[in-house]
There are 2 protein chains.
Amino acid sequence: MADLHSASPDNLLRTVGIKVTRGRVRVIAALQAARQPMSHAEIGTQLGADAAVPLDRVTLYRILESLVAVGLALRAVDTRGVFRFSAAGTLHRHEGHVHFRCTDCGGVFCLKAAPPSPPKLPRGFRLAAVEFDVRGTCAVCSARPAA
Amino acid sequence: MADLHSASPDNLLRTVGIKVTRGRVRVIAALQAARQPMSHAEIGTQLGADAAVPLDRVTLYRILESLVAVGLALRAVDTRGVFRFSAAGTLHRHEGHVHFRCTDCGGVFCLKAAPPSPPKLPRGFRLAAVEFDVRGTCAVCSARPAA
DNA sequence: GCTGCAAATGCAACCTTGTTGCATTCTGAA
DNA sequence: TTCAGAATGCAACAAGGTTGCATTTGCAGC
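So, a few notes on the structure that sits alongside this text. Owing to the predicted nature of the structure, the values given are computational and were not obtained by experimental measurement.

Some words on helix α4 (residues 57–70) of chain A
All names here are of chain A. Between its first and last C-alpha, α4 extends 21 Å over 14 residues, near the 20 Å set by a 1.5 Å rise per residue. Where α4 is buried, its residues touch α1 (9–16), α2 (22–33), α3 (40–50), β2 (73–77) and β3 (83–87). The distance from a side-chain oxygen at the start of α4 to the backbone nitrogen of valine 58 is 3.1 Å, and the residue carrying that oxygen is aspartate 56. Backbone geometry just downstream of α4 places glycine 71 in the positive-phi region, at approximately 90°.

Here's the deal with the nonpolar core
One finds Val27(B), Leu31(B), Ile43(B), Leu64(B) and Leu67(B) to be the most contacted residues of the largest nonpolar core, which totals 20 residues. Counting residues per element, the ones that place at least two in this core are α1 (9–16), α2 (22–33), α3 (40–50), α4 (57–70) and β3 (83–87) of chain B. Setting aside residues no more than four positions away along its own chain, Leu31(B) makes contact with Met38(B), Ile43(B), Leu64(B), Ala73(B), Phe85(B), Ser86(B) and Ala87(B). Within the second largest apolar cluster, 18 residues are counted, among which are Ala30(A), Met38(A), Leu67(A) and Leu72(A).

Some points on the sheet that holds strand β1 (residues 38–39) of chain A
Pairing between sheet strands relies on hydrogen bonds along the backbone, with the strands arranged either parallel or antiparallel. Residues and elements named next belong to chain A. Strand order in the open sheet formed by three strands is β1-β3-β2, and the pairing between neighbours is antiparallel. In the strand order of this sheet, the two ends are held by β1 and β2, each with one partner. Running at roughly 85° to β3, α2 makes contact with β1, β2 and β3 of the sheet. Most of the contacts of α4 go to β2, to which it runs at about 110°, and overall it touches β2 and β3.

Each value, and the rule that gives it
- Residues numbered from 1 in each chain as written.
- Chains lettered and ligands numbered in written order.
- Predicted model: local features only at pLDDT ≥ 70, side-chain atom pairs only at ≥ 80, totals over all residues.
- Heavy atoms only, no water.
- Helix = DSSP H or I, 4+ residues; strand = E, 2+ residues; numbered from the N terminus.
- Expected span 1.5 Å × (residues − 1).
- Contact = heavy atoms within 4.5 Å.
- Polar contact = N/O pair within 3.5 Å; in protein donor to acceptor, adjacent residues only side chain to side chain.
- Core = buried A, V, L, I, M, F, W, Y, C linked by side-chain atoms within 4.5 Å.
- Buried < 20%, exposed > 50% of the residue type's maximum accessible area, 1.4 Å probe, protein only.
- Pairing = 2+ DSSP bridges.
- Axes fitted to C-alpha atoms, helices over the stretch in contact; angles between N-to-C directions.

This is the structure we're talking about:
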C-alpha cells in the first residue's frame, strides 16, 4: 500500500478511486508539504500565491471534504473553532487505531495503541461507530511557549 | 470556596467579585442544570423559552466571556467548531464513563461502561483529556421508521 | 479519437457563529 | 440618594462554512 506522504497526488487519487483534477492535486501537494495542519484560509492563500489561477473558495471546501471522505486528509478543530486539515499518515483505514488530537494546532497523530472494544449498549441501541479520541498538546506545541 | 454546583448563582457571582445581574444568574442556573456542555445557541434558546424576556445574543456572549474569565464557566470547542460552555467543576462528572451519541436525534446518553485507560503517548506529548465516543442510533430512533 | 454522463467546478447568495462600537440602563459602594 | 463604572441592548460587521444551480471536465465505453 502506498505511503500517503511520498506517493504522488495523482496516484493517491487514483488509488482511492476519485477523479484526478488539478485542484485536488494542488491541495494534496500543499497538505503533504505542510508541517502543521492548515486551515482552509491558509491553503487558499498558499494556492493563490503559487499559481496564476486561484482556487475557488467553495471548491476548496468541497475538495477538502472529498479528501476527508476518502481518507486522504484528516480534519480537526483548533482552539478558535476553525477546521484544520492535514494529509493522512497512512492509507489504511483509520479504524484500527487511536488518534491524538492536539488542541493547540489541531494536528492529528496516529497512535500505535489498539482501540478498546465497544461497551455493552442498552436494549434497542444500535452501534454505528466507535471513536477513541485522546486530546492534549503535541510535542511541537508543548515545546513552544504559550502565546 | 463554595461548591460550584450547589451554591446559588448569586453567591457564586459575589464570591468572585463581579456584579450580580439577572442575565448572569440565569446563565449560571442554566449551565448548572445542564447535563452536557451547552452551545451559545442552546443557552439562548433555553433562556428564551424559560422567560418572557429573552437575553440579547451579544449580551449572552459577553456574559459567557465574563464567566469564563472569572473561572465560573469552562469553554471548549466541539467537533463542529462551535464553542460549548459548562459550569466549572462539572467536568469530573463526565470522566468516569462513556458517552453514546445518537446520530439521528443528537441525544447523548451516559453508558455504564468504564472508559479505557489512555494509551502511551510519544515523547513530548501532553495528555489533556480522553474521550471515548460511541455513535449510533438510540432505542427511540431505532424503533422509529426511517424518515 | 469521439461521445455521453456523472463528477467536479465556479459563482452568487445565504446561514451561523462570533465580534466591535456606542448609547442606555443598572449595580452597588459611598 | 447619588453616581461612576460595569453591564446591557441594538446595529452593524467579519469570518467561516454551506447550498443551489449552471457550466465545465475527467474518464469510461465505444
